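# A closer look at the structure
Here are the chains, one letter per residue:
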Amino acid sequence: MSDPAQRIEWLRSEIRRHNVAYYQHDAPTVPDADYDELVRELQRLEAEHPHLARPDSPTSTVGSAPAATFSEVVHRVPMMSLDNAMNESELRDWGSRTARRLAEIGVSDVRYVCELKIDGLAISIRYEHGRFVQAATRGNGRVGEDVTANIATLGAVPHQLDDAPPVLEVRGEVYLPVAAFDALNAAQEAAGERRFANPRNTAAGSLRQKDPAVTASRGLSLWCYQLGEVVDGRSIASHSEALGWLGSLGLPVNPDTAAFTSLDEVYEFCTRWIEHRHDLPYEIDGVVVKIDSLDVQRALGATAKAPRWAIAYKLPPEERTTLLRDIQVSIGRTGKATPFAVLEPVVVAGSTVGMATLHNEDQVRLKDVRPGDTVIVRKAGDVIPEVVGPVIDLRPAGLAPWSFPAVCPCGRGAPLVRVEGEAQHRCVDPLCPQQRWARLSHFASRGAMDIDGLGESQIQTFIDLGLLSDVSDIYRLDYELILAQRGYQETSVRKLALAIDASKQRPLGNLLFGLNIVHLGQTGAAILAEGLGSMDAILDAPVDDIAAIDGIGPVIAGSVRAFFDEPANRELVERLRDAGLNFTGPERSTLPQTLTGMSVVVTGSLQGFTRDQVEAAIKSRGGKAPGSVSKRTTAVVVGADPGGSKLTKATELGVPVLDESQFVHLLDTGDLP
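Description of the structure in this document. (Residues numbered from 1 in each chain as written. Predicted model: local features only at pLDDT ≥ 70, side-chain atom pairs only at ≥ 80, totals over all residues. Heavy atoms only, no water.)

### A word on the overall build of the protein chain
To keep it simple, the criterion reads: To qualify as a helix, a DSSP run of H or I must reach at least 4 residues; to qualify as a strand, a run of E must reach at least 2; elements of each kind are numbered from the N terminus. Between two residues, a contact is recorded if the distance between any of their heavy atoms is within 4.5 Å. Per-residue and other accessible areas were derived by the Shrake-Rupley procedure at a 1.4 Å probe size, with only the shown protein chains allowed to occlude residues.
A tally of helices and strands in the protein chain yields 24 helices and 21 strands. For the protein chain, the spread of C-alpha atoms along the principal axes amounts to about 85 × 70 × 50 Å. Sequence separation of at least 24 residues holds for 68% of the intrachain contacts in the protein chain that already meet a minimum separation of 6. Surface accessibility of the protein chain: about 31,900 Å² in total, with carbon and sulfur atoms responsible for 50%.

See the structure below:
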């Protein structure tokens, strides 16, 4: 649209529609990042054309009107929204504007408080003489929805506060922990139902249930972050003091809150959480920066929508919308057929995404995504990008559902077979070229034989040259022929030859993992190698002996036995033997098994151990060294610069926390200090 007035009206209409979907129905039609772009464009156009600005514009209002499902609650102190900073420049612009306003009132020293911006649902909770009496959603900032009965089911919400004032209203964020979200989705899949999209939407939908019992079953929790109305004679001078007071009353206050005196420190805090956002047991979408002094907050005041004394520094978006161009199927190293989305490239979580997994036929059907749809794409940290679902409102008329193909896409005509009781289809053609490429790529990967310089594209080139058919061919490569190819230099080919030769000494567990045995993962392969001690012992071991190894079990044992019973696989093993690969497993530890049955998590760096040495020290004494804290964790060892989430989780679960000297004592004796 070239006409600014028409564009402004269109933007207002779209934003209002999205507000209703988000705030009233807990079913947003676009990701937050796409919504933010619409709002920012509207703000820009209204600033450029002030005669077109209106007081009822979404840029001047908060949220949306309450839904009719719940009775209304009038907020005595309005629940405002926050302005956003999308990058360092915008954060510093806010700091400069604030500094100018402070200079006008004679304030020069500023203290900032930084809090994690929890990705949940804003809530107001009211106590009278220490007794919980009411809870309400934000709504449009002035009027919210009464969700008292539902909030009362949350274990994190105290029903009685000791030494509380006559009236205390506290603001917070109701959220769904990642573990609870994963458990809900596991139950959805088991029931053949569609997965929930993300923890935020699920939290909002869970809270706004007509039946409080449903809310109680979802595992919601709460962090408190602000005072609302307070009727009390005490004097509180700062926001940080208020948070400390709320915590002393027994209300949950997030521990990852910090105070700073400069925007450089604030920005450093923000960037640290960009890197560590997935270390937390809940989702965040930013950092909230507030001026600490309550007197200064009052002096700065607010716009019609947001306080001037606070801003939300938004983390890179992990959900965006884009066009689903096609759905194709890839064939993995074990023949597993996995549908994937071919997308119009879009930047998500700081990287460009052009493809995303769709898992299996059932998930495509449940999500009902179709080529030609506008879809929501999610990429969280290092997790493989995933299509969350379609934007139904934008679906073109007559778009046909996608059907899983009947034959392998490799072109050989082999059927794709779905075994009864499994979610996956598999190609049953042992000569499938896609399987061959995937098997070779897996064998050379870091978790298996770790052959530097033999990547996926190199493997395809060598297949095309007729140099690779199975993994044993890697050790018979014709380097003279490779050197004769365009683009290959003597130095790079020599490095490749040295990397291939070095891989012969990789541990037996790596070789077993590299052989593409169905159900045998990296950990199981290492356990199998140690349990039976050699490739020859594994080749002839009865299935019951394999299953008897702690950590293997009957399913893996049956798969291992079936693999080595195949004559072609045994011939492959002999070719690898002839190539000089290591067939001997690790020696069993002679150290006292002081940690048998124990699970020890280490966070941070220790002076006397490297990361690998810490894990080896635990495992060589019979213990386990998982990467996360759970109810089954025996102890958490804390070194320098620990991850906050593991320590927080240990505290929540009552897991003992040890320093390095206490860890050494545990290794030696098996006794907790």
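### Describing the sheet that holds strand E9 (residues 258–260)
Rule in force here: Each pair of strands is called paired provided DSSP finds at least two bridges between the two strands. Simply put, an axis is a line fit to the C-alpha atoms, just over the touching stretch for a helix, and the angle between two N-to-C directions goes from 0 to 180 degrees.
The strand order across the open sheet formed by 5 strands is E2-E11-E10-E3-E9, and the pairing between neighbours is mixed. Each having just a single partner strand, strand E2 (84–85) and E9 make up the two edges of the open sheet. As paired strands, E2 and strand E11 (residues 310–314) are joined by 2 bridges and run parallel to one another. Note on E11: the bridge partner recorded for Ala85 is Tyr313. Packing against the sheet, helix H9 (residues 263–276) makes contact with strand E3 (112–118), E9, strand E10 (284–291) and E11, and its axis sits at approximately 20° to E3.

### Topic: empty space enclosed by the protein
Cut-off, in case you're wondering: Residues are said to line a cavity or pocket when one of their atoms sits within 4 Å of a point; the points come from a 1 Å grid over protein atoms alone, cavities being sets where a 1.4 Å probe fits but cannot get out and pockets being open sets with protein on both sides within 12 Å along at least five of seven lines. Grid points are joined across faces, edges and corners, and a volume is the space filled by probe spheres set on the points. The classification used treats Ala, Val, Leu, Ile, Met, Phe, Trp, Tyr, Cys and Pro as nonpolar, Asp, Glu, Lys and Arg as charged, and all other residues, Gly among them, as polar.
Taken as a whole, this structure holds 1 cavity of 30 Å³ or more when the rule is applied. Lining of the largest cavity is provided by Val73, Val74, His75, Arg76, Ser124, Arg126, Gln134, Ala135, Ala136, Glu169 and Glu229. Of all the elements in the fold, those that place two or more residues in the lining of the largest cavity are strand E1 (72–74), strand E4 (121–128) and strand E5 (131–137). The greatest single-element share of the lining of the largest cavity, amounting to 3 residues, is contributed by E5. For the lining of the largest cavity, the residue count by class is 4 nonpolar, 3 polar and 4 charged.

### Looking at the pairing of E11
The line we're drawing: The cut-offs for exposure are 20% and 50% of the maximum accessible area for each residue type, with area from a 1.4 Å probe on protein chains only; residues under the lower value are buried, those over the upper are exposed, and the others partly exposed.
Here E11 lies mainly inside the structure; 5 of its 5 residues are buried. Neither face of E11 is left uncovered, since the one carrying Ala310, Ala312 and Lys314 and the one carrying Ile311 and Tyr313 both have all their residues buried. Alignment of E10 against E11, held across 5 bridges, turns out to be antiparallel. Within the sheet, the bridge partner assigned to Val287 lies in E11 and is Tyr313.

### Structural notes on the pairing of E5
With 6 bridges joining them, E4 and E5 adopt antiparallel strand pairing. Bridged to Ile125 within E5 is Ala135. From the end of E4 to the start of E5, which pair antiparallel, there are 2 residues, and His129 there has a positive phi angle of about 50°.

### Digging into the packing of aromatic side chains
Note the cut-off: Side-chain rings of Phe, Tyr and Trp, where Trp is taken by its six-membered ring, are said to pair if the distance between their centres is within 6.5 Å; with planes under 30 degrees apart they count as stacked, over 60 as edge-to-face, and otherwise as tilted.
Tallying each qualifying case throughout the model produces 13 aromatic pairs. Seen from their ring centres, Trp223 and Tyr282 are 5.9 Å apart, and the 65° between their planes marks the pair as edge-to-face. A residue pair is termed long-range when its members are at least 10 positions apart, and Trp223 in strand E8 (residues 221–231) and Tyr282 in the loop between H9 and E10 qualify at 59 residues. Residue Trp223 is classed as buried on the basis of its relative accessible area of 9%. Measuring from ring centre to ring centre gives 5.1 Å for Phe563 and Phe564, while their planes differ by 90°; the resulting arrangement is edge-to-face. For the pair Phe563 and Phe564, one class covers both residues: buried. Ring pairs connect the aromatic residues Tyr175, Trp223 and Tyr282, which therefore count as one cluster.

Just geometry here; none of it tells us what the structure is for.
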